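The residues making up each chain are set out below.
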Amino acid sequence: MKYLRLIPALLLGAMLTACNTTKKLYEAQEYDQVIQRVAPDICDGDMNAKHINYVAASYHKANQADHERIQALKATGQPDVWPEIYQRYCSMKGRNDALACFPTQVKNGMNYVPLDLDDDMTVARNHAEAFLVAKANQLLDSGSKEDAVEAEQYVEQLWRTNPESSKLLDLRKKCALYINECVDFGYYRNGSDFYSFRKVVFDFDEGELPAQISRIWIQNDPRPRPNRESIVCVFVDDVTISPSRLDEVTFKETKGNQTVEVTDHSQTKSVMISGRIQYRSESYGKVLGSVPFEVTSTFKNDYTTIKGDREACSAETLSRLNTKPVPVPTDESMKLDAAKKLNDLIATELKK
């Protein structure tokens, strides 16, 4: 029986503790914490008057402070203020959304008005993104490792501002390549592998890679693996080899009483290799992103043969008679040609 009497006492103690904690947060001007702590209970039907008053006061004071700060920042006319402006708009929208589920009577009592901030947030986000991208690029263009470390902070702020930014992967990639001591190239392919292809893919000429890359380490390299590295993984997902074809078109040409049968031949074959270049970084501790690729090696040879009187040939046909049939390249040679194109593509991609 005494245990049953203990339960209301415990509940009362918990309520007093909650009120005390909420009051302390409010007095410390931790307004957002007050809202995060109490708003869900009000949405669930807890009509504690003190809690409602604390939330109402916290909501209006926090929004007023953000509004005044936004106006002051805009008045400076400086481009570097937009990331903070955007974050403050996000805070205002978050508070507004947190109270949207309150009963109508509670909303009316606290003068809650739904805020339409979408347009303001879009403008602020676009300005913030433009500033962060420009600042990161400015630092990275110096080629200094120290500047790249600073740029990394702006890039992470860009991710918090707009994780869908089209510039995010390129900037993260640059930071990782410039900060780390080495680039580790890895090669992966579903199914059987061919060593010669991989060797050509990673056979970079001197000066072909960005100057900030002081050393590369290729998969299966006998040298010790570096401690701090960026990782570029080449995944080959599909290799498509078209069969060699010989297409022919036959027609006649005449000149006076002379006639000749002309046949235009076209030899074709192609190899298409598709996959993705994936960037990883130890400094970020995760995959930065992937860029799909598709490289094609195409063989095409046109030649012409005739049957009949050569004198009947037009000048154009005569000019084509100099071309001859040639052996169709092997699958392996065309794969290696595609590997050279992939090598150039990787070098170009790393320099973006």
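Look a little higher up for the structure.
For the structure given in this document, a descriptive report is provided here. The residue numbers shown here count from 1 along each chain, following its written sequence. Since the coordinates come from a predicted model, pLDDT governs what is reported: local features require at least 70, and pairs of side-chain atoms require 80 or more to be given and counted, while whole-chain, interface and lining totals use all residues. Excluded from the side-chain calculation are hydrogens and water; included are all heavy atoms of the structure.

A closer look at the pairing of strand 5 (residues 258-281)
Argument step 1. Each pair of strands is called paired provided DSSP finds at least two bridges between the two strands. A run of H or I in DSSP becomes a helix once it reaches four residues, and a run of E becomes a strand once it reaches two; helices and strands are each numbered from the N terminus. Pairing analysis gives 11 bridges linking strand 4 (residues 245-255) to strand 5, with the strands arranged antiparallel. What sits directly across from Glu253, in strand 5, is Val260.
Argument step 2. The hairpin formed by strand 4 and strand 5 contains two residues between the paired strands, and Gly256 there has a positive phi angle of roughly 65 degrees.
Argument step 3. As paired elements, strand 5 and strand 6 (residues 286-308) share 22 bridges and run antiparallel to each other. Paired with Val271 across the bridge in strand 6 is Ser297.

Here's the deal with unusual backbone geometry
Argument step 1. In this structure, Gln29 is a non-glycine residue whose phi angle is positive, near 65 degrees.
Argument step 2. Along the chain, Gln29 falls in the loop between helix 1 (2-27) and helix 2 (31-43).
Argument step 3. Relative accessible area serves as the criterion here: at 56%, Gln29 is assigned to the exposed category. Think of it in three bands: with a 1.4 Å probe and only protein chains considered, a residue is buried below 20% of the maximum accessible area for its type, exposed above 50%, and partly exposed in between.

A few points about the packing of aromatic side chains
Argument step 1. Between rings of Phe, Tyr and Trp, where Trp is taken as its six-membered ring, a pair exists when centres lie within 6.5 Å; planes separated by under 30 degrees are stacked, by over 60 edge-to-face, and by other angles tilted. Going through the model one piece at a time under the given rule, you end up with four aromatic pairs.
Argument step 2. A ring pair is formed by Tyr59 and Tyr112, whose centres lie 5.8 Å apart and whose planes are at 40 degrees; its orientation type is tilted. Of the two residues, Tyr59 sits in helix 3 (residues 49-76) while Tyr112 sits in the loop between helix 5 (104-109) and helix 6 (118-141), which places them 53 residues apart along the sequence. Each member of the pair, Tyr59 as well as Tyr112, is classed as buried.
Argument step 3. Ring centres of Phe131 and Tyr154 lie 6.3 Å apart, and the angle between their planes is 75 degrees; on these two criteria the pair is classed as edge-to-face. Of this pair, Phe131 sits in helix 6 while Tyr154 sits in helix 7 (residues 145-161), and the two are 23 residues apart along the sequence. Of the two residues, Phe131 and Tyr154, neither departs from the other in class, the shared state being buried.
Argument step 4. Counted as over-ring charges are cases with an Arg CZ or a Lys NZ within 6 Å of the ring centre that also lie within 35 degrees of the ring normal. One Lys or Arg, Arg276, reaches over the ring of Phe235 and ends 4.2 Å from the middle of that ring.

Re helix 8 (residues 168-179)
Argument step 1. Here helix 8 spans 16 Å end to end across 12 residues, near enough to the 16 Å set by a 1.5 Å rise per residue.
Argument step 2. With 10 of 12 residues buried, helix 8 is to be regarded as a mostly interior element.
Argument step 3. Along helix 8, the residues that are buried comprise Leu168, Leu171, Arg172, Lys173, Lys174, Cys175, Ala176, Leu177, Tyr178 and Ile179. By definition here, a helix of n residues has an expected span of 1.5 Å times n minus one.

Topic: the side chain of His265
Argument step 1. By secondary structure assignment, the location of His265 is in strand 5.
Argument step 2. The class of His265 is buried, set by a relative accessible area of 9%.
Argument step 3. Here a polar contact is taken to be a pair of N or O atoms separated by no more than 3.5 Å, where protein atoms must pair a possible hydrogen donor with a possible acceptor and residues adjacent in sequence count only if both atoms sit in side chains. In terms of polar contacts, His265 uses its side chain to reach the side chain of Glu248, at 3.0 Å.
Argument step 4. Separated by 2.7 Å, the side chains of His265 and Thr305 make a polar contact.
Argument step 5. Those residues in contact with His265, other than ones at most four positions away along the chain, are Leu246, Asp247, Glu248, Asn301, Asp302, Tyr303, Thr304 and Thr305. Contacts: residue pairs with any heavy atoms within 4.5 Å of one another.

As for a negative patch on the surface
Argument step 1. Each patch is built from salt-bridge-free residues with over 30% relative accessible area, joining like charges within 9 Å and nonpolar side chains (Val, Leu, Ile, Met, Phe, Trp, Tyr) within 5 Å. The method behind every accessible area is Shrake-Rupley, applied with a 1.4 Å probe, and residues are considered shielded solely by the protein chains displayed. In what follows, salt bridge is the name for a side-chain nitrogen of Lys or Arg lying within 4 Å of a carboxyl oxygen of Asp or Glu. We score Asp and Glu as negative and Lys and Arg as positive, and we do not count His or the chain ends. The location of each charge is read from NZ of Lys, CZ of Arg, CG of Asp or CD of Glu. On the surface, Asp116, Asp118, Asp119 and Asp120 cluster together to form a negatively charged patch.
Argument step 2. Along the polypeptide, Asp116 turns up in the loop between helix 5 and helix 6.
Argument step 3. Classification of Asp116 as exposed rests on a relative accessible area of 64%.

Things to note about the environment of Lys340
Argument step 1. Along the polypeptide, Lys340 turns up in helix 11 (residues 331-350).
Argument step 2. Distance in space between the C-alpha atoms of Lys340 and Val200 is 6.2 Å, their sequence separation being 140 residues.

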